[in-house]
Amino acid sequence: MAEGISFHKLMVRQVVEELKEKIHNRTARVGVVGLGYVGLPFAVEKAKVGFHVTGIEQNPRRARMINAGENYIADVKDEELRELVAGGRLRAEEGFDAVGALDVIVICVPTPLDKNLAPDLRYVVNVTREIARRLRRGQLISLESTTYPGTTEEVMLPILEESGLKAEQDFFLCHSPERVDPGNKRYTTRNTSKVVGGVGPASLEAATAFYTQTIEHLVPVSSARAAELVKVFENTFRAVNIALVNELALLCDKMGLSVWEVLDAAFTKPFGIMPFYPGPGVGGHCIPIDPHYLEWKAREYNFTTRFIGLAGEVNRRMPEFVREKVRRALNEMGLAPSRAQVLLLGMAYKKDLADHRGSPAVHVAELLLEDGVELLYHDPYIDHIEISGRSFQSVALTAELLRDVDLVVITTDHSGIDYPWLVEHAGKILDTRNATRGVAHREGKVVLL
Ligand code: SAJ
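Residues numbered from 1 in each chain as written. Predicted model: local features only at pLDDT ≥ 70, side-chain atom pairs only at ≥ 80, totals over all residues. Heavy atoms only, no water.

**Examining the overall build of the protein chain**
Quick reminder of the rule: Numbering of helices and strands starts at the N terminus; helices are DSSP runs of H or I of at least 4 residues and strands are runs of E of at least 2. As a reference, a globule follows 2.2 Å times the number of residues to the power 0.38, and the radius of gyration itself is taken over C-alpha atoms. Only protein chains enter the accessibility calculation, which uses a 1.4 Å probe; a residue whose area is less than 20% of its type maximum is buried, one above 50% is exposed, and one in between is partly exposed. Two residues qualify as a contact provided that any one of their heavy atoms is within 4.5 Å of a heavy atom in the partner residue. The protein chains shown are the only cover counted for residues, whose accessible areas, like all others here, come from Shrake-Rupley with a 1.4 Å probe. Note that His is not counted, nor are the chain ends; the positive residues are Lys and Arg, and the negative ones are Asp and Glu. Here the site of a charge means NZ on Lys, CZ on Arg, CG on Asp, or CD on Glu.
The helix and strand inventory of the protein chain stands at 14 helices and 15 strands. Taking 22 Å as the expected radius of gyration for a compact globule of 449 residues, we find that the protein chain reaches 25 Å, a close match to that expectation. Considering only C-alpha atoms, the protein chain reaches an extent of 90 × 50 × 40 Å along its principal axes. Relative to its 449 residues, the protein chain shows a buried fraction of 54%. Sequence-distant contacts, at least 24 apart, represent 68% of the contacts inside the protein chain between residues at least 6 apart. Summed over all atoms, the accessible surface of the protein chain reaches about 20600 Å², with 53% contributed by carbon and sulfur. Where the 53 positive side-chain charges of the protein chain centre and where its 60 negative ones centre are 2 Å apart.

The following block contains the structure:
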């Protein structure tokens, strides 16, 4: 028996070493499934250090754009993408035929919630099934999508082993959560430390060899589940702290205090605190969603994650609070919402981005339309948008427009807006982001959240 075990271990060792050799000499063929704001920057980083990268992207338009060297992700440099595609280092395919020839496959597909705030793993499961059909010995599969602890081991592993191959001996499986802060110029895919956890030691060894090629600081943990929990904790940390300051904003409104003054003063504390700010709500495809993956999984252990549920409740309430502040502002001008023209400044879910997925500004717009407001919007990054089934175009921001509208609501604090000019020409402003902070003579004209 001892002989058999050592032969088995020898075999595994050989498979791991072969894969690591291909990774070290960059001959490993890398696949990235999902070329979005996580997948494309990752694919470019891997191609830049010499790997041949195949993107597997179900969106035909995106696949065509990649193969034409055209970029669509702001965090990727157009020229870099063009050169990598022209040099044959990076290409995109719509299907999974290439999987059999790949050595490492990284999965960066969306993990949304369904309408009951339960995890929707359809993309992860579909991709895993497609890979399982083509799985071969020596491959490393890495899930980067944010998900609940257990997805890699309880959902993906059984599907992959339906191939007849076994994890930790024929193929390797890990979870290495993405940590992308869209628009962040300081922290990139390369210099952001990255957590990685395998379904076993051989998987962790293979994954570590792969990720250290392009990530400056790797953080190995004991399992894929631990890696999954790290990531959902990170986003839960943000959701809860944003909800805390949003709740403070609601209380300050009752108390007649400025939440901005209170927070600015609180954040002068040089230790033991971290700045978060209230806003019109929490958008994007991570913070409003990922914590509910953990909340859902915790129920399996008969455990209620009260902070997550409460944070979601508070954050989802903020668009309604902005609607209330708009009504009050119009009321002070003697205007009923149904007789008012309101300009929303910013549709993106956060500043200096064109992304409006789950954007609180969109929720605010929907509520104002319900109140019968004549709605206009300006967003330098988003030239058209559909809200409540109606199409809107971004209007030009002119002094004349500002004179005409009854109220301007700053919903996204884009850096490129000239806020002193805005305050000078607008009649009344509801500033939900404190974007006009420091602008002279804003008193009397600017109402803060
Ligand atoms: N927000 C506030 N107040 C704050 C911070 C944010 O209202 O103090 C709002 C933003 O306006 C936005 C939403 O919350 O609508 C989410 O903002 P975010 O920057 O936390 O979220 P994302 O989805 O753009 O990026 C985050 C990453 N952000 C940071 O770490 C700064 C990080 O949580 C994840 O790496 C990433 O999502 C992800 O992909 O999970």
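**Section: the site of the ligand**
How we decide: For this description, a residue counts as near a given molecule or strand if any of its non-hydrogen atoms is within 4 Å of it. Nitrogen and oxygen atoms within 3.5 Å of one another constitute a polar contact, given that in protein one can donate a hydrogen and the other can accept it, and given that sequence-neighbouring residues count only through two side-chain atoms. Segmentation into domains, and thus their bounds, comes from an automatic or database assignment.
Surrounding the ligand, one finds 21 residues, the nearest of these being Glu178, Lys231, Arg238, Tyr277 and Tyr349. In this structure, Lys231 approaches the ligand through a side-chain N or O atom, which is 2.7 Å from an oxygen atom. Lys350 has a polar side-chain atom sitting 2.8 Å from an oxygen atom of the ligand. Against a free-state accessible area of 750 Å², the protein chains account for coverage of 87% of the ligand. Per element, the largest residue contribution to the shell around the ligand is four residues, and it comes from helix H8 (residues 224-255). For the shell around the ligand, the domains that each give at least three residues are domain 1 (2-226) and domain 2 (258-448).

**Side note on the environment of Thr151**
Looking at the element boundaries, Thr151 is found in helix H6 (residues 151-161). When neighbours within four sequence positions are excluded, Thr151 is seen to be in contact with Leu121, Val124, Leu143, Met156 and Glu228. Within polar-contact distance, the side chain of Thr151 engages the side chain of Thr147 at 2.6 Å.

**Description of the sheet that holds strand E3 (residues 90-93)**
Selection criterion: Two strands are said to pair when DSSP picks up at least two bridges between them. Each axis is a line fitted through C-alpha atoms, and for a helix only the stretch in contact is used; angles between axes span 0 to 180 degrees, taken between their N-to-C directions.
Pairing is mixed across the open sheet formed by eight strands, whose spatial order is E3-E2-E1-E4-E5-E6-E7-E8. A strand with exactly one partner marks an edge of an open sheet, and here the two such strands are E3 and strand E8 (218-220). For this sheet the average axis-to-axis angle between neighbouring strands, irrespective of direction, equals 25°. Taken together, the five bridges between strand E1 (residues 29-33) and strand E2 (residues 52-56) define a ladder with parallel strand orientation. Directly across from Arg29, in E2, lies its bridge partner His52. Here helix H7 (residues 201-211) sits on the sheet in contact with E1, strand E4 (104-107), strand E5 (140-143), strand E6 (172-175), strand E7 (194-198) and E8, set at roughly 150° to E7.

**Considerations on the packing of aromatic side chains**
Put simply, the rule reads: Pairing of aromatic rings covers Phe, Tyr and Trp, the last through its six-membered ring, and needs centres within 6.5 Å; plane angles under 30 degrees mean stacked, over 60 mean edge-to-face, and all others mean tilted. To sit over a ring, a charge needs its Lys NZ or Arg CZ within 6 Å of the ring centre and within 35 degrees of the ring normal.
All chains considered together, the criterion is met by ten aromatic pairs. Taking 6.4 Å as the distance between ring centres and 10° as the angle between the ring planes, the aromatic pair formed by Trp260 and Tyr277 counts as stacked. Of the two residues, Trp260 sits in helix H9 (residues 259-266) while Tyr277 sits in the loop between H9 and helix H10 (290-299), which places them 17 residues apart along the sequence. Above the plane of the ring of Phe210 lies Lys46, whose end atom (NZ or CZ) is 3.9 Å from the centre. Here the basic side chain of Arg122 rests over the ring of Tyr123, its NZ or CZ set 5.9 Å away from the ring centre.

**Comments concerning a nonpolar patch on the surface**
Rule in force here: Here the term patch refers to residues with relative accessible area over 30% and no salt bridge, with like charges joined within 9 Å and nonpolar side chains (Val, Leu, Ile, Met, Phe, Trp, Tyr) within 5 Å. Whenever a carboxyl oxygen of Asp or Glu lies within 4 Å of a side-chain nitrogen of Lys or Arg, that contact is scored as a salt bridge.
On the surface, a cluster of nonpolar side chains totalling about 350 Å² of accessible area is made up of Leu251, Met255, Leu257 and Val262. The topology assignment puts Leu257 in the loop between H8 and H9. Given the relative accessible area of 44%, Leu257 is considered partly exposed.

**Concerning H10**
The buried fraction of H10 amounts to eight of the ten residues, a majority that puts the element mostly inside the structure. The set of residues buried in H10 consists of Asp290, Pro291, His292, Tyr293, Leu294, Glu295, Lys297 and Ala298.

**What to know about the environment of Cys174**
Position of Cys174 relative to the elements: it lies in strand E6. Judged by relative accessible area, which is 0%, Cys174 ranks as buried. As a C-alpha pair, Cys174 and Phe42 span 132 residues in sequence and 16 Å in three-dimensional space. Cys174 has contacts with Leu140, Ile141, Ser142, Leu143, Thr152, Val196, Gly197, Gly198, Ala207 and Tyr211, leaving out every residue within four places of it along the chain.

**So, the domain arrangement of the protein chain**
Worth spelling out the cut-off: Buried area, as used here, totals the accessible surface that two parts lose on assembly, with accessibility defined by a 1.4 Å probe and the loss added over both. Asp, Glu, Lys and Arg are counted as charged, while Ala, Val, Leu, Ile, Met, Phe, Trp, Tyr, Cys and Pro are counted as nonpolar; the rest, among them Gly, fall into the polar class.
Partitioning the protein chain into domains gives domain 1 (2-226) and domain 2 (258-448). The gap between the C-alpha centroids of domain 1 and domain 2 is 36 Å. The interface of domain 1 with domain 2 comprises 18 residues on the first partner and 16 residues on the second. Carbon and sulfur atoms make up 64% of the area that domain 1 and domain 2 hide from each other, which totals about 1400 Å². The three residues of domain 1 that bury the most area against domain 2 are Leu113, Leu117 and Tyr148, which together make up 33% of that side's buried surface. Across the domain 1-domain 2 interface, the total number found is two salt bridges. The salt bridge involving Lys350 is made with Asp181; its shortest N-O contact spans 2.6 Å. Here domain 1 and domain 2 share seven residue pairs in polar contact (both at pLDDT 80 or more) between them. Across the side of domain 1 that touches domain 2, the residue classes break down as ten nonpolar, four polar and four charged.

**As for empty space enclosed by the protein**
The condition is simple: Site definitions follow a grid-based scheme: protein atoms alone, a 1 Å grid, a 1.4 Å probe that fits but cannot get out for cavities, and for pockets an open set with protein on both sides within 12 Å along at least five of seven lines, plus lining residues having an atom within 4 Å of a point. Grid points are joined across faces, edges and corners, and a volume is the space filled by probe spheres set on the points.
Scanning the entire structure with this criterion turns up one cavity of 30 Å³ or more. Taken as a whole, the largest cavity encloses approximately 90 Å³ of empty space. What lines the largest cavity is simply Val38, Phe42, Glu144, Glu178, Arg179, Val180, Thr188, Thr189, Thr192, Ser193 and Lys194. Considering only residue class, the lining of the largest cavity consists of three nonpolar, four polar and four charged.

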